[in-house]
Amino acid sequence: MEIRELRYFAAVYRERNLTAAARVCFVSQPSISTAITHLETELGTTLFIRHKKGVAPTASAEQFHALARRIIDDADAARSLFRKPNTKTTVTLGLMRTLDIPRTIALLKPLTSRTDVALRLVGSDERADARIISKSMLRADEHFVTLWSERYVAALPPSHPLTLKEKLRTADLAGVPLIDRCHCEQSEFFGRSSQRRQTAAIAQSEDWAMALVAAGVGIAIVPEGVARGNPDVAVREIEVRVKREVGLAYRASEPLADALKEFVGKLQKQRQKPDQIGPRRNKRRKS
């Protein structure tokens, strides 16, 4: 059992998807699959159940995750125990407010684990060395490296009558109280309908929008990553396939800090290997 395999396991557990785990670990999907297979063989148990949209952790994975996480953290602490303090380069990263927590954690760890970097986080509209934003927020003088793409879904109070439907149309929301977030992508969903919208509240953040939905104030159209894993809301697909592309934006006219340059290089290298990731998703593997 290797630390590397434990890190891959933790990524799959967090992302619930082999392709997404490979992306955040900067490796190919077969490397992730092989590591999980080795762990399952060594432990003598099945850790994940494969399905069409990704994987689901078993009871064994739930039990093993806490131990694996502790081993990983202890290894990281041991690695930094005897490192001599050195001069740190401050890297300022702008974050848009609508990033979901698991992906943000996975994204920042390669930078926070570096002893030569002092990471400073600011809003996406403040001056920064680079920004993690939706592509719709990209400025004319910036390069953009895609991190992930996610669809928009409807988040509803669990007892709402519309939870009886598997997919919602704009007509279903006519006269229904809505939590507005003023997304350009959200407007794509409503823009095709002549139905009048009933705004119950305007949320200043996605967390606040989810809280208002959970409280029964109304329904919100939000990125899937924001609604995923929230036990207090129900999630339903919407008829219009609205998506947003999230990535790292940086100015073309200014040199990147070495830490960010390395980070961007890994992202670009990973995106140049689509054939190693895509075609293998639907292949059945022995657990």
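Parameters at a glance
Residues numbered from 1 in each chain as written. Predicted model: local features only at pLDDT ≥ 70, side-chain atom pairs only at ≥ 80, totals over all residues. Heavy atoms only, no water. Pairing = 2+ DSSP bridges. Helix = DSSP H or I, 4+ residues; strand = E, 2+ residues; numbered from the N terminus. Right-handed = clockwise from strand over helix to strand, strands pointing away. Expected span 1.5 Å × (residues − 1). Bend = angle between axes of the 7 residues up to and from the residue. Buried < 20%, exposed > 50% of the residue type's maximum accessible area, 1.4 Å probe, protein only. Contact = heavy atoms within 4.5 Å. 1 Å grid on protein atoms, 1.4 Å probe; cavity = no way out; pocket = protein on both sides within 12 Å on 5 of 7 lines; lining within 4 Å. Points joined across faces, edges and corners; volume = space filled by probe spheres on them. Polar contact = N/O pair within 3.5 Å; in protein donor to acceptor, adjacent residues only side chain to side chain.

J.: I'd like to hear about the pairing of strand β4 (residues 117–123), residue by residue, with values.
T.: On a regular strand, each side chain points to the face opposite its neighbour's, so the side chains alternate between the two faces of the sheet. Bridge count between strand β3 (residues 89–95) and β4: seven bridges; the pairing is parallel. Within β4, the residue paired with Leu95 across the bridge is Gly123. Note on the crossover from β3 through helix α5 (residues 101–112) to β4: the handedness is right-handed.

J.: Give a description of helix α4 (residues 59–81) that names residues and reports values.
T.: With 23 residues, α4 should reach 33 Å at 1.5 Å per residue; the first-to-last C-alpha distance of 34 Å fits that figure. The sharpest bend along α4 comes to roughly 30 degrees, located at His65. Of all the positions in α4, only Ala61, Phe64, His65, Ala68, Ile72 and Ala75 are classed as buried. The secondary structure elements touched by the buried residues of α4 are α1 (3–15), α3 (29–43) and β2 (54–57).

J.: Residues and numbers for the layout of surface pockets, please.
T.: The space that makes up the largest pocket amounts to roughly 1,100 Å³. Asn17, Lys53, Arg103, Glu224 and Arg228 are, among the 30 residues lining the largest pocket, the residues nearest its centre. Elements with a contribution of two residues or more to the lining of the largest pocket: α2 (18–25), α5, β6 (142–156), α8 (224–227), β11 (234–238) and α9 (258–271). In this structure, the second largest pocket occupies an estimated 820 Å³ of space.

J.: Report on α3, specifying residues and quantitative values.
T.: With 15 residues, α3 should reach 21 Å at 1.5 Å per residue; the first-to-last C-alpha distance of 21 Å fits that figure. Those residues of α3 lying buried are Gln29, Ile32, Ser33, Ala35, Ile36, Thr37, Leu39 and Glu40.

J.: Report on the pairing of strand β8 (residues 177–180), specifying residues and quantitative values.
T.: Pairing between β8 and strand β9 (residues 198–202): four bridges, direction parallel. Bridge pairing in β9 places Ile179 opposite Ala201. Here β8 pairs with strand β10 (residues 219–223) via two bridges, running parallel. Bridge pairing in β10 links Ile179 to Ala220.

J.: So, the environment of Glu2: which residues are in play, and what are the values?
T.: Here Glu2 shows up in the segment before α1. For Glu2, a relative accessible area of 42% corresponds to the partly exposed category. At 2.7 Å, the side chain of Glu2 forms a polar contact with the side chain of Arg4.

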